[in-house]
Amino acid sequence: MWAYESVFYQIYPLGFCGAPFENDGALEHRILKVLDWIPHMSRLGINAVYFSPLFESDTHGYNTRDYRKVDVRLGTNEDFKRVCDALHENGIKIVLDGVFNHVGRGFWAFQDVLKNRQSSPYINWFYRIAFDGNSNYNDGLWYEGWEGNYDLVKLNLQNEDVVRHLLDSVKFWVDEFGIDGLRLDVAYSLDEGFVRRLRSFTDGLKEDFYLLGEMLHGDYNRMVNDRMLHSATNYECYKGLYSSFNSMNMFEVNHSLMRQFGPENWTLYKGKHMLSFVDNHDVTRVASILSNEKHLPLIYAVAFGMPGIPCIYYGSEWGEKAQKSQGDPALRPCFDEPQWNGLTELIRKLCQAKKQSEALNYGAFRSVLLTNKQCIFERRSEHERVLVAVNADSEEFHAHFDAGCGLAVDLISGEEHDFGGGSVLPGYSVYFWKMER
């Protein structure tokens, strides 16, 4: 699967392109801005772009009006086709946000229900519409809003007409734009039968079509398996990553990694490839959540070194800041152009290391050395080993452990390292030592 060897770049199109929050109906060809960022993504070493919602919606993209039309605030279908063609020409795969749990109030079938009431043929497209109730929109009818949000009308995914409309839409995206995968919004809320149907459909639609699910807590195996999703968002390790650095307690993230990927028989996700991230469009930017800015390069190193598929949120590669308390628009800004600094350069090297290493893509996980402020773990595959070493302290650390060999090459700096002389980790340092097996 191509995704397992990739580094993802997440773009929230409506924010990235500076579109107004409300859908004003005015056509602007903003999505073409992505073309200007392709050189930046290529230089960084990106293999795949994950676009947050970009189909016609009421406001923020997750309240869909039309599954087969690019949002007028972003441009036309032809505009996005140009973007997709350019990305593919540069070796970058495309994953779109599949918002299948709910639609917006502006969705054409729901508008028909509001207009024609009991006479509408689309009543059963939605989950529990009751004409003897009401919502806070005072429509004279009640319906299921996702988690109480009545701007998000819950779809009935057990209705064959709804399922067929969604599957036909996915086929349209593949035929029209050549997309390579889907990220399923609120996958944990989706009807599991629908997810199985989607996997079977996409398996027959395009070879190695990738399905990623938004999962928060619980057992990801419930939906990440051979019949449903290939991968899920690793929120458990997301929390462990920043919390470990802020509390100077590397045991926390190591505990999660051992629980998920360690060598024991009870390990939950051994051999699976979850999506690793340090921030995204829904959470505080990592540069704002870390209490020590010198930990910023280190948290990316752990995210790239641990099992999984690294994903970078646009702007965070140069340390952009934003707090969730400022509201979602603050997390989803428009930048005039990409920036490049020391952090970006390190991430470029991490992308390069990931792409060149069998062990980082497919290797097993083993903890080698662990203190409150330092950690060394091993990724081991059939042909190579990589030792990921991180010192989160300001002081140098003398690491004593059995490396199992004398010489290695650091995938970040390219320098050779002789373990025979011991391993001294300078303050705030990271190494990816690679050795053949």
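The present account deals with the structure reproduced in this document. A quick note: this is a predicted structure, and the numbers were derived from the prediction, not measured. (Residues numbered from 1 in each chain as written. Predicted model: local features only at pLDDT ≥ 70, side-chain atom pairs only at ≥ 80, totals over all residues. Heavy atoms only, no water.)

1. Here we look at the overall build of the chain
Working step 1: Across its full length, the chain holds 13 helices and 19 strands.
Working step 2: For 437 residues, the compact-globule estimate of 2.2 N^0.38 gives 22 Å, and the C-alpha radius of gyration of the chain, at 23 Å, lies within 12% of that figure.
Working step 3: Across its three principal axes, the chain shows a C-alpha extent of roughly 80 × 45 × 40 Å.
Working step 4: Considering the chain as a whole, with its 437 residues, one finds that 58% of them fall into the buried category.
Working step 5: Counted over contacts in the chain with a minimum sequence separation of 6, partners at least 24 positions apart contribute 68%. (Helix = DSSP H or I, 4+ residues; strand = E, 2+ residues; numbered from the N terminus. Rg over C-alpha atoms; globule rule 2.2 N^0.38 Å. Buried < 20%, exposed > 50% of the residue type's maximum accessible area, 1.4 Å probe, protein only. Contact = heavy atoms within 4.5 Å.)

2. Section: the nonpolar core
Working step 1: Ranked by size, the top nonpolar core spans 139 residues in total, and within it F8, F51, F100, F126 and F432 carry the most contacts.
Working step 2: In this structure, I376, L387, A399 and W433 belong to the second largest nonpolar core, which totals 13 residues. (Core = buried A, V, L, I, M, F, W, Y, C linked by side-chain atoms within 4.5 Å.)

3. Comments concerning the sheet that holds strand 9 (residues 231-232)
Working step 1: One open sheet holds the 8 strands; their spatial order is 9-8-7-3-2-1-11-10, and the pairing between them is parallel. Since the sheet does not close on itself, it has two edges, and those belong to strand 9 and strand 10 (275-277), each with one partner.
Working step 2: Where strand 3 (residues 93-98) and strand 7 (residues 181-184) come together, 4 bridges link them in parallel fashion. Counted as the bridge partner of V95 is G181 from strand 7. (Pairing = 2+ DSSP bridges.)

4. Remarks on the side chain of E378
Working step 1: Structurally, the position occupied by E378 is in strand 13 (residues 374-380).
Working step 2: Within the structure, E378 has its side chain in polar contact with the side chain of R385 (distance 2.7 Å).
Working step 3: With sequence-adjacent residues up to four places away left out, E378 is seen in contact with A364, F365, R366, V368, R385, V386 and L387. (Polar contact = N/O pair within 3.5 Å; in protein donor to acceptor, adjacent residues only side chain to side chain.)

5. Points about the sheet that holds strand 12 (residues 364-370)
Working step 1: The strand order across the open sheet formed by 6 strands is 12-13-14-19-16-17, and the pairing between neighbours is antiparallel. Among the strands making up the open sheet, the edge pair consists of strand 12 and strand 17 (416-418). Across the sheet, the mean angle from the axis of one strand to that of its neighbour is 30°, orientation sign disregarded.
Working step 2: In this structure, strand 16 (residues 407-410) lies alongside strand 17, joined through 3 bridges in antiparallel fashion. Counterpart to A408 in the pairing with strand 17 is H417.
Working step 3: Across the face of the sheet, helix 10 (residues 296-305) comes into contact with strand 13, strand 14 (384-391) and strand 19 (429-436) while running at roughly 25° to strand 19. (Axes fitted to C-alpha atoms, helices over the stretch in contact; angles between N-to-C directions.)

6. So, the packing of aromatic side chains
Working step 1: In the structure shown here, the tally under the stated rule is 34 aromatic pairs.
Working step 2: With a centroid separation of 5.8 Å and an interplanar angle of 55°, the aromatic rings of F8 and Y210 are classed as tilted. Note that F8 is positioned in strand 1 (residues 8-11) and Y210 in strand 8 (residues 210-213), a separation of 202 residues in sequence. Neither residue differs from the other here; F8 and Y210 are each classed as buried.
Working step 3: For the pair F401 and F419, a centre-to-centre distance of 5.9 Å together with 75° between the ring planes defines the contact as edge-to-face. Here F419 lies in the loop between strand 17 and strand 18 (423-425) and F401 lies in the loop between strand 15 (397-399) and strand 16, a separation of 18 residues in the sequence. (Phe/Tyr/Trp six-rings, centres within 6.5 Å; stacked < 30°, edge-to-face > 60°.)

7. Observations regarding helix 2 (residues 33-44)
Working step 1: Taking 1.5 Å of rise per residue, 12 residues should cover 16 Å, and helix 2 covers 18 Å from first to last C-alpha, within 8% of that figure.
Working step 2: By the burial criterion, the buried members of helix 2 are K33, V34, W37, I38, H40, M41 and L44.
Working step 3: Summarising the contacts, the buried residues of helix 2 are in contact with strand 1, helix 1 (13-16), strand 2 (48-51), helix 3 (77-89), strand 11 (309-313) and helix 12 (342-356).
Working step 4: Where helix 2 ends, the next residue or the one after it, G45, has phi of about 105°, a positive value. (Expected span 1.5 Å × (residues − 1).)

8. Description of unusual backbone geometry
Working step 1: Even without a glycine there, the phi angle at R128 is positive, about 65°.
Working step 2: As for its position among the elements, R128 is in the loop between helix 4 (108-116) and strand 5 (145-146).
Working step 3: Residues other than glycine seldom take positive phi values, yet N138 does so here, at roughly 55°.
Working step 4: Among the secondary structure elements, N138 is positioned in the loop between helix 4 and strand 5.

9. Looking at the environment of N101
Working step 1: In this fold, N101 is placed in the loop between strand 3 and strand 4 (102-104).
Working step 2: In this structure N101 comes out as buried when scored by relative accessible area, which is 1%.
Working step 3: For the pair N101 and L343, spaced 242 residues apart in sequence, the C-alpha separation works out to 37 Å.
Working step 4: Sequence-distant contacts of N101, that is, excluding residues within four places in its chain, are made with W146, V153, K154, L155, V186, S189 and L190.
Working step 5: A polar contact is formed between the side chain of N101 and the side chain of K154, at a distance of 2.8 Å.

10. Observations concerning the pattern of salt bridges
Working step 1: What the rule picks out here adds up to 25 salt bridges.
Working step 2: We note a salt bridge from R128 to E144, for which the minimum N-O separation is 2.8 Å. Of this pair, R128 sits in the loop between helix 4 and strand 5 while E144 sits in the loop between helix 4 and strand 5; the two residues are 16 residues apart in sequence, bridging distant segments of the chain.
Working step 3: Several salt bridges share partner residues, and in doing so they unite D97, R183, D185 and E214 into one network. (Salt bridge = Lys/Arg side-chain N within 4 Å of Asp/Glu carboxyl O.)

11. Quick notes on the pairing of strand 13
Working step 1: The buried fraction of strand 13 amounts to 6 of the 7 residues, a majority that puts the element mostly inside the structure.
Working step 2: Pairing geometry for strand 12 and strand 13, over 6 bridges, is antiparallel. Directly across from L370, in strand 13, lies its bridge partner C375.
Working step 3: Hairpin geometry of strand 12 and strand 13 is characterised by an intervening segment of 3 residues between the two adjacent antiparallel strands.

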